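Okay, here's what each chain looks like letter by letter:
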Amino acid sequence: MMQYFEWNLPNDGNLWKKLKEDAAHLAEIGVTAVWIPPAYKADEQQDEGYATYDLYDLGEFDQKGTVRTKYGTKQELQEAIEELHKHKIQVYLDAVMNHKCGADYEEKFPVVEVDTGNRTETTGEPFEIEAFTGYDFKGRNDKYSDFKYHWYHFSGISMPQDPDRVEHIYRIVGEGKYWSEGVDGENGNYDYLLGNDLDLDHPEVIQDLLHWGMWVAKELNLDGVRLDAIKHMKDLFIKQFLETVRASREGRFFAVGEYWNNDFDSLENYLNVVGKELNLFDVPLHFKLYQASQEGRDFDLTNLPDDTLVARYPQNAVTFVDNHDSQRGSSLESQIKDWFKPLAYGLILLMEKGYPCVFYGDYYGLGGKESPHRQILDILLDARRKYAYGQQDYYFDHPNTVGLVRRGDDEHPGSGVAMLLSNGEDGEKEMFVGENRKGETWHEITGSIDDTITIGDDGKAVFPVHGGKLAVWVQKTE
Ligand code: CA
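What counts, and where the lines are drawn
- Residues numbered from 1 in each chain as written.
- Predicted model: local features only at pLDDT ≥ 70, side-chain atom pairs only at ≥ 80, totals over all residues.
- Heavy atoms only, no water.
- Helix = DSSP H or I, 4+ residues; strand = E, 2+ residues; numbered from the N terminus.
- Contact = heavy atoms within 4.5 Å.
- Pairing = 2+ DSSP bridges.
- Axes fitted to C-alpha atoms, helices over the stretch in contact; angles between N-to-C directions.
- Donors = N, O, S within 2.8 Å, 3.2 Å for Na, K, Ca; no water.
- Tetrahedral: all angles 85-135°; square planar, octahedral: opposite > 155°, others 65-115°.
- Expected span 1.5 Å × (residues − 1).
- 1 Å grid on protein atoms, 1.4 Å probe; cavity = no way out; pocket = protein on both sides within 12 Å on 5 of 7 lines; lining within 4 Å.
- Points joined across faces, edges and corners; volume = space filled by probe spheres on them.
- Nonpolar A, V, L, I, M, F, W, Y, C, P; charged D, E, K, R; others polar.
- Phe/Tyr/Trp six-rings, centres within 6.5 Å; stacked < 30°, edge-to-face > 60°.
- Buried < 20%, exposed > 50% of the residue type's maximum accessible area, 1.4 Å probe, protein only.
- Lys NZ or Arg CZ within 6 Å of the ring centre and 35° of its normal.
- Right-handed = clockwise from strand over helix to strand, strands pointing away.

**Q** Before we go on, may I ask you to explain the environment of T123 in this structure?
**A** Examined against the element boundaries, T123 turns out to sit in the loop between strand 8 (118-122) and strand 9 (127-134). Placed 163 residues apart in sequence, T123 and H286 show a C-alpha to C-alpha distance of 37 Å. Residues contacting T123, with those up to four places away along its chain left out, are E113, V114 and D115.

The structure is reproduced here in structure tokens:
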């Protein structure tokens, strides 16, 4: 999978056009699915899409001062998706259903302020507030849905209070109204993230989002979704959403959730509640990779696979190195350092388990600056398709030099790969690639080592790796 956007793309409306033009190339390098950014109208044209205004406006109506979104028009998006499908590339839309922004008008309603560090605690008495929570979507004129949002469809709002600019969070008060259950426990109850928080216990909100899910999947002929901010959303709503949309798509509909928590137990608990049909981003693995890239040789590489989602729930793990949230300057910044990126991608692309996701920023670059990693990614993507088959053996047995072997299989003649990662000195490791490989000549394909190795009669060889580098050894064929 490729995440086909980064945080600092220009607001030129060209992403869908670029994606269409890129479809053939993506297929060529082995991308079989793209995760596209929120494709609907946000509170302003330049927004990345997460400050969602109207889920039904995919760049079609004159709203918020623009027809197109940051990424282009609905027609351009549909053309891009058609082209991707021609090249057998699936399309997953980023679905932002936790909150709305950019309301059309103010309403008056009762709220109570809560403690930002513990949202189950109130800090005063309920009072009437006037805030932007009314949505009429005038520019859309009831097309696709005539549902309108009002203050009672939300569970909370926030406002910066001048002059201190400190964020104040208000829970909306009403009969039976409270924060949702089944959200992350951080800050007492982490239902509230930003903007106007959708009340996922309100039957009209649930109905509208289910309707939207079925509509957008059909309208864009989607193959799946990436679910934004699910730790702030009622877990049983996500379960219902997926069941409903899946049923409307004859059961075939991929879903990966962003549960941004480094704690394996939280992810495990989430899968137990929502069901094993859902994939989650392997956030614990990301933070291990981040830590490894920060600590250099002090990081014990033998620990790398421990307590990651891919180690424990491989069928549910989408492995990734970085994304738009972890990239530098973002809210959840934890960008993996450049020296470690080839090692991190080598691991997620060549290991047997997990569904790897390549970040646009790592392939094409961030903020218009070309990525230094594109060449190694092309090599690794190619290696994944040519060599990464068959039984896997881990050699995570030394703090600074670890290895992984895929023994290859009969369906892919010449397949099999021996990979090593070093975060310290130059290293080497004896690894077994198969008795049937004896006498074969293997070479290193990342360009790090210009040498060949002969596999011994016992199916083993001693494979070297340079300090702080990745080495990928495969059979040399002439
Ligand atoms: Ca929420």
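**Q** Before we go on, may I ask you to explain the sheet that holds strand 20 (residues 417-422) in this structure?
**A** Paired through backbone hydrogen bonds, the strands of a sheet run either parallel or antiparallel to each other. Taken in spatial order, the 6 strands of this open sheet run 18-19-20-25-22-23, and their pairing is antiparallel. Every other strand in the sheet has two partners, leaving strand 18 (392-395) and strand 23 (452-454) as the edge strands with one partner each. Neighbour-to-neighbour, the strand axes of the sheet open up by a mean angle of 20°, direction not taken into account.

**Q** Explain the coordination of the calcium ion here, please?
**A** Angles between donor atoms at a metal ideally measure 109.5 degrees for a four-coordinate tetrahedral arrangement and either 90 or 180 degrees for a six-coordinate octahedral one. Protein coordination at the calcium ion comes from N98 (OD1), D191 (O), D191 (OD), D197 (OD), D197 (OD) and H232 (O), with a distance range of 2.2 to 2.9 Å. Of note is the calcium ion, whose 6 donor atoms meet at the metal with angles of 48 to 167° in an arrangement that counts as irregular.

**Q** Sorry if this is basic, but what is going on with helix 4 (residues 235-248) here?
**A** In an α-helix there are 3.6 residues to a turn, and that puts residues three or four apart on one side. Between the first and last C-alpha of helix 4 there are 20 Å, a value that for 14 residues agrees with the 20 Å anticipated at 1.5 Å per step. Looking at the buried side of helix 4, the elements it contacts are helix 3 (203-219), strand 13 (224-227), strand 14 (254-257) and helix 5 (264-274).

**Q** When you look at empty space enclosed by the protein in this model, what are you seeing that I'm missing?
**A** One way to see where empty space is left: roll a probe the size of a water molecule over the atoms. All chains considered together, the criterion is met by 3 cavities of 30 Å³ or more. There is about 60 Å³ of room inside the largest cavity. Looking at the largest cavity, the residues that line it are P38, Y40, K41, A42, E44, Q45, D47, G49, T66, T69, K70 and Y71. Residues belonging to the lining of the largest cavity are distributed by class as follows: 4 nonpolar, 4 polar and 4 charged. The space that makes up the second largest cavity amounts to roughly 40 Å³.

**Q** Help me understand the sheet that holds strand 14 in this model?
**A** Ordered by their spatial adjacency, 8 strands build a closed barrel running 1-2-5-13-14-15-16-17, and the pairing between neighbours is parallel. Two elements, strand 13 and strand 14, share 4 bridges in a ladder whose sense is parallel. What sits directly across from V225, in strand 14, is A255.

**Q** I would appreciate a short explanation of the packing of aromatic side chains in the present structure.
**A** Aromatic ring pairs are described here by two measures, namely the spacing of the ring centres and the angle between the planes. Summed over the entire model, instances satisfying the criterion amount to 37 aromatic pairs. A ring pair is formed by Y56 and W215, whose centres lie 5.2 Å apart and whose planes are at 55°; its orientation type is tilted. Remark: W215 occurs in helix 3 and Y56 occurs in the loop between strand 4 (52-54) and helix 2 (74-86); sequence separation between them is 159 residues. In this structure Y56 comes out as buried when scored by relative accessible area, which is 3%. Three or more aromatic residues joined by ring pairs form one cluster here, namely F5, W35, W260, F281, F287, Y290 and F320. Above the face of the Y149 ring, K100 is positioned so that its terminal group lies 4.8 Å from the ring centre.

**Q** Where do I start with the pairing of strand 20 in this structure?
**A** Looking along a regular strand, one sees the side chains alternate between the two faces of the sheet. Extensive coverage of strand 20 is indicated by the burial of 6 of its 6 residues. Residues V417, M419 and L421 of strand 20 are buried on one face, and the alternating residues A418, L420 and S422, pointing to the opposite face, are buried as well. In this sheet, strand 20 lies alongside strand 19 (residues 401-406) in antiparallel orientation, the contact comprising 6 bridges. The residue bridging G403 from the neighbouring strand is L420, located in strand 20.

**Q** What should I look at first to understand the environment of G403 in this one?
**A** Here G403 lies in strand 19. Note on G403: relative accessible area 2%, which makes it buried. Taking the C-alpha atoms as reference points, G403 and V274, separated by 129 residues in sequence, lie 35 Å from one another. Look past the residues within four positions of G403 in its chain and what remains in contact with it is D393, Y394, Y395, F396, M419, L420, K429 and M431.

**Q** Looking at this structure, how should I read the layout of surface pockets?
**A** A volume near 710 Å³ is recorded for the largest pocket. For the largest pocket, the lining is made up of 35 residues, of which Y50, H99, L193, L194 and G195 are closest to its centre. Listing elements by their share of the lining of the largest pocket, those giving two or more residues are strand 6 (99-100), strand 9 and strand 10 (154-161). The element contributing the most residues to the lining of the largest pocket is strand 10, with 3 residues. Among the residues forming the lining of the largest pocket, the class breakdown is 15 nonpolar, 11 polar and 9 charged.

**Q** It is not clear to me how the pairing of strand 2 (residues 33-36) should be interpreted in this structure. Could you clarify?
**A** Residues A33 and W35 point to one face of strand 2 and V34 and I36 to the other, with burial holding for every one of them. Across 2 bridges, strand 1 (residues 2-3) lies against strand 2 in parallel orientation. Bridge pairing in strand 2 places Q3 opposite W35. A crossover links strand 1 with its parallel partner strand 2, the connecting element being helix 1 (residues 15-29), and its sense is right-handed. Strand direction decides the pairing type here: strand 2 and strand 5 (residues 90-95), joined by 4 bridges, are parallel. Within strand 5, the residue paired with I36 across the bridge is L93.

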